[in-house]
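# Topology and contacts: notes
This is what each chain is made of:
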Amino acid sequence: MIQLVRGFRDILPGEAMVWQQVEQAARDRFECFGFSEIRTPVIEQTALFKRSIGEDTDIVEKEMYTFPGSKDTLLTLRPEATASVVRAYIQHKLYAADPVRKLYSIGPMFRRERPQKGRYRQFSQINAEVFGIESPYMDAQLIYMLTRFLDALDVPGLRVHLNSLGCPECRNGYRDALRAVFSGKTDRLCSDCVRRIDRNPLRLLDCKVPGCREVAADAPSMADFLCADCDAHFKTVTAGLDAMGVAYERDPRLVRGLDYYTRTTFEIQTDALGAQSAVAGGGRYDGLVEQLGGPSVPAVGFAIGMDRLVELVMAAQPVLLRPPAVFFAAMGAEAWKRAFQWAGELSDQGIRVEIDFSERSLKALMRRADRLGAQFVLIVGERELEEKTVSLRHMATKAQTAVPVDNLVAVVKEKIWESGV
Ligand code: HAM
């Protein structure tokens, strides 16, 4: 049998229902804050990701699914959504009438990472991006929106980690300080980190190799290098979160795995998913729109890892498929034909229906209705059709009502309504 490709996954019906609920909750909450949906393709030019995520990142160096396009262009399956949303913002001049845009998108991303629990090669993100607002209150509002969305899903044990990476100017001083620390300790660092010391020493703070982590533990903190403007920006973010009662931990090691960030960065973390602790991550990226050829427009956003979030939601609450409201226990050719028509009409009224077209005894059909958790069973046999009344059985109370076939849809609808299904 041909099996699923390693690192990819099927979302089976019970879980898919939780995905739908989580996606709908995100849409509802984000729309309250003025977001509208954008959909971008899963394939982009490779150059887009190289220029935005950064050449020295794990994503660009090792994890992209890249293949030749037409002529000399290389194409890549998107490893994240921010770069694509920025491209679309610039390409369609979404800034023309007003630079402020709040956009969200939901969809699959692809990274050739080593698969393990919570880490897949195709995974989905809910992404939110805000363009044109430099105010730190926007950062705080985004984090507030994200944490309220997560609170409503009742997932226990989530923590907000918060840091500021400063602006390019103050970060230069920090980079120099990191280089000074790391360059004397190259014997304890992995080969990637040694290679990155000069070009991108911040990446070392993100390395998971134990030796590198030990060295990074002694590194100076970005908080000591923030310029006055960046410091004031960050203080207003934290004051905003305090005012809204959002708990957070300051985490000076939080540099994130992508290079476009400036100032505020944050992650939502958990201990419940083993090695994969990040459920969501984001931050400010004030230089990216301009860097990709657009106007100078500040931006801030985040992405939620849906696979991880849904796993946490499912661990916290049992998943039940929605049962049919009406199960047709139809016996015989004429009964199937009539049941088929009534089921169509009931479904037109928004009622969930299920018919069993197999040749089974009434007892077997009732057992199946019970297994599916049907609220009502309509018993349709030859005798019932001759007498022009079918029996409607309420499964919870076992009460049975005779329903005239001429008025079946209206009566069944009424009964369902009365029972509060
Ligand atoms: P990221 O931290 O790379 O950020 O990914 C965001 C979230 O996607 C992670 O916290 C995690 O939950 C999920 N995720 C990442 N990789 C995997 C994987 N291999 N398997 C399962 N889940 C995964 C970004 O992608 C940025 N674009 C976020 C952003 C938006 N920043 C500003 N705007």
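Definitions and cut-offs
Residues numbered from 1 in each chain as written. Predicted model: local features only at pLDDT ≥ 70, side-chain atom pairs only at ≥ 80, totals over all residues. Heavy atoms only, no water. Domains from an automatic or database assignment. Salt bridge = Lys/Arg side-chain N within 4 Å of Asp/Glu carboxyl O. Helix = DSSP H or I, 4+ residues; strand = E, 2+ residues; numbered from the N terminus. Buried < 20%, exposed > 50% of the residue type's maximum accessible area, 1.4 Å probe, protein only. Near = heavy atom within 4 Å. Polar contact = N/O pair within 3.5 Å; in protein donor to acceptor, adjacent residues only side chain to side chain. Areas by Shrake-Rupley, 256 points an atom, 1.4 Å probe, with all protein chains shown as cover. Nonpolar A, V, L, I, M, F, W, Y, C, P; charged D, E, K, R; others polar. Contact = heavy atoms within 4.5 Å. Pairing = 2+ DSSP bridges. Axes fitted to C-alpha atoms, helices over the stretch in contact; angles between N-to-C directions. Parallel < 35°, antiparallel > 145°, perpendicular 65-115°, else oblique. Left-handed = near helix turned anticlockwise from the far one by under 90°.

Looking at the protein, the domain boundaries give domain 1 (15-167 + 227-316) and domain 2 (326-419). With centres defined by C-alpha atoms, the gap from domain 1 to domain 2 works out at 48 Å.

One pass over the full model with this rule turns up 34 salt bridges. E311 serves as the salt-bridge partner of K117, at 2.4 Å between the closest nitrogen and oxygen. Taken together, the residues span a long stretch of sequence, with K117 in the loop between β5 (101-110) and β6 (122-131) and E311 in helix α11 (residues 306-316) at a distance of 194 residues. The salt bridge partner of R195 is D192, with a shortest N-O separation of 2.7 Å. Of this pair, R195 and D192 both sit in helix α7 (residues 191-196), three residues apart, roughly one helical turn. Judged by its relative accessible area of 47%, R195 falls in the partly exposed class.

So, about the site of the ligand. The environment of the ligand is formed by 26 residues, the closest being E80, T82, E113, E129 and Y261. Y120 is positioned with one of its backbone polar atoms (N or O) 2.9 Å from a nitrogen atom of the ligand. A distance of 3.1 Å separates an oxygen atom of the ligand from a polar atom in the side chain of Q125. Isolated, the ligand exposes 660 Å² of accessible area, and the fraction of that covered by the protein chains is 96%. Secondary structure elements with two or more residues in the shell around the ligand: β6, β10 (278-284) and β11 (299-305). Per element, the largest residue contribution to the shell around the ligand is six residues, and it comes from β10. Looking at side-chain class alone, the shell around the ligand contains eleven nonpolar, eight polar and seven charged residues.

So, on to the side chain of T147. Relative to the helices and strands, T147 is located in helix α5 (residues 136-152). Here T147 falls in the buried class, since its relative accessible area comes to 10%. Look past the residues within four positions of T147 in its chain and what remains in contact with it is V160, V246 and I268.

What follows is about the sheet that holds strand β2 (residues 43-45). The three strands lie next to each other as β2-β4-β3, forming an open sheet whose pairing is antiparallel. Either end of the sheet is taken by a strand with one partner, and the two such strands are β2 and β3 (65-68). Sheet twist, expressed as the average angle between the axes of neighbouring strands with direction ignored, equals 35°. One ladder, built from four bridges, connects β3 with strand β4 (residues 74-77); its direction is antiparallel. Each residue of the ladder has a partner; that of F67, found in β4, is L75. Each of β2, β3 and β4 is contacted by helix α2 (residues 46-53), which is oriented at about 75° to β2, the strand it contacts most.

Right, let's talk about the packing of helix α12 (residues 333-348) against helix α15 (residues 408-419) for a bit. Look at α12 against α15: their axes get within 10 Å of each other, and the N-to-C directions meet at 50°. Accordingly, the angle class assigned to the pair α12 and α15 is oblique. For the pair α12 and α15, the crossing hand works out as right-handed. Judged by residue contacts, W342, E345 and L346 of α12 engage L408, V409 and V412 from α15. Class assignment for the residues of the contact of α12 with α15 results in five nonpolar, no polar and one charged.

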